[in-house]
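Okay, here's what each chain looks like letter by letter:
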Amino acid sequence: AQKVTQAQTEISVVEKEDVTLDCVYETRDTTYYLFWYKQPPSGELVFLIRRNSFDEQNEISGRYSWNFQKSTSSFNFTITASQVVDSAVYFCALSEAENAGNMLTFGGGTRLMVKP
Amino acid sequence: KAGVTQTPRYLIKTRGQQVTLSCSPISGHRSVSWYQQTPGQGLQFLFEYFSETQRNKGNFPGRFSGRQFSNSRSEMNVSTLELGDSALYLCASSLVGGYESGELFFGEGSRLTVL
């Protein structure tokens, strides 16, 4: 069965610091998708990225970057020069593509607090 | 365009009652998924509907059910409520689903409290 582990339950940084959120996953499938979502205090999850298992290229989007390493089953998320608005709970998730549709397995989440 | 709309946003029920939650997806989206979020269990998948058919179901008892209408709107129902059903119920819509996995757009959720 699939599993997603986010070992860091809470991280606190000062504004402008870089921060990396860790995500480790387990799956027996060779085809799968990995996701990151942000949940601000309003409660609505916001999509950040989707990556399929055949694409190990790292991705950068503004201050956000993602490092996917199949060898260690990790999909880590880095925020560069953090801002107070980045404060939220971040979830990593996995979908096993074989008939899984939008059935995602979420990690426990990492609460990020960015202090001014 | 309008996002995913969930109603009601907040509700309080007592044990043994039943509840129906509604979700209107983004226009054009045919997949609607439901998730339960609790402090203890985190985010857990309930079920997904695609083109009015249930495609996948999570590990929840039969008291949890859902349906999707021809306009893609979805409802989920929980019968014989238990205290442990208190949670934030999140609905998500997607352009793709069923056999594919796509970007999910979530609503703000319906917060259910069972007394």
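Anything mentioned here points back to the structure above.
Definitions and cut-offs
- Along each chain, numbering runs from 1 in the same order as the chain's sequence is written.
- All chains are assigned letters beginning with A, and all ligands numbers beginning with 1, in the order in which they are written.
- Note on the predicted model: pLDDT of at least 70 is required for a residue's local features to be given, and 80 or more for side-chain atom pairs to be given and counted; whole-chain, interface and lining totals, by contrast, use all residues.
- Derived side-chain values reflect all non-hydrogen atoms in the structure, with water molecules and hydrogen atoms excluded from consideration.
- We call a pair of cysteine sulfur atoms a disulfide whenever their separation is within 2.5 Å.
- A run of H or I in DSSP counts as a helix once it spans at least four residues, and a run of E counts as a strand once it spans at least two, with each numbered from the N terminus.
- For every residue, the accessible area obtained with a 1.4 Å probe (protein chains only) is divided by the maximum for its type, and the residue is called buried under 20%, exposed over 50%, and partly exposed between those limits.
- For this analysis, a salt bridge means a side-chain nitrogen from Lys or Arg found within 4 Å of a carboxyl oxygen belonging to Asp or Glu.
- Contacts between residues were defined by any pair of non-hydrogen atoms, one from each residue, lying within 4.5 Å.
- Throughout, buried area stands for the accessible area (probe radius 1.4 Å) lost by two parts on being put together, summed over both.
- Distance and chemistry together define a polar contact, namely a pair of N or O atoms within 3.5 Å, with one atom able to donate a hydrogen and the other to accept it when in protein, and with adjacent residues in sequence counting only for side-chain atoms on both sides.

### Observations regarding the state of the cysteines
Then, number 1: Counted by the stated rule, this structure contains two disulfides over all chains.
Then, number 2: Disulfide pairing is shown between Cys23(A) and Cys92(A); the S-S distance is 2.0 Å. With the S-S bond torsion at -65°, the cross-link from Cys23(A) to Cys92(A) turns out left-handed. Here Cys92(A) lies in strand β10 (residues 88-96) and Cys23(A) lies in the loop between β3 (19-21) and β4 (24-26), a separation of 69 residues in the sequence.
Then, number 3: The class for Cys23(A) is buried, based on a relative accessible area of 0%.
Then, number 4: Between Cys23(B) and Cys91(B) runs a disulfide, and the two sulfur atoms are separated by 1.7 Å. For the disulfide bridge between Cys23(B) and Cys91(B), the dihedral angle about the S-S bond is near -60°, and by the sign convention the bridge is left-handed. Here Cys91(B) lies in strand β9 (residues 87-94) and Cys23(B) lies in strand β3 (residues 19-24), a separation of 68 residues in the sequence.
Then, number 5: By relative accessible area, which is 0% here, Cys23(B) ends up buried.

### Some thoughts on the pattern of salt bridges
Then, number 1: The final tally for this structure, using the stated rule, is eight salt bridges over all chains.
Then, number 2: Salt-bridge contacts for Arg51(A) lead to Asp55(A); the nearest nitrogen and oxygen are separated by 3.6 Å.
Then, number 3: Among the residues examined, Arg51(A) registers a relative accessible area of 5% and is labelled buried.
Then, number 4: For Asp55(A), a relative accessible area of 28% puts it in the partly exposed group.
Then, number 5: The closest approach of N and O atoms between Arg67(B) and Glu75(B), which form a salt bridge, is 3.3 Å.
Then, number 6: For Glu75(B), a relative accessible area of 17% puts it in the buried group.

### As for the interface of chain A and chain B
Then, number 1: On the chain B side, the residues contacting the 20 residues of chain A number 24 residues.
Then, number 2: With both sides pooled, the region where chain A packs onto chain B buries about 1800 Å², and carbon together with sulfur makes up 51% of that total.
Then, number 3: Seen at the junction of chain A and chain B, the total is zero salt bridges.
Then, number 4: Scanning the region where chain A abuts chain B turns up three residue pairs in polar contact (both at pLDDT 80 or more).
Then, number 5: For the side of chain A that touches chain B, the elements supplying multiple residues, two or more each, are β5 (32-39), β6 (46-52) and β10 of chain A.

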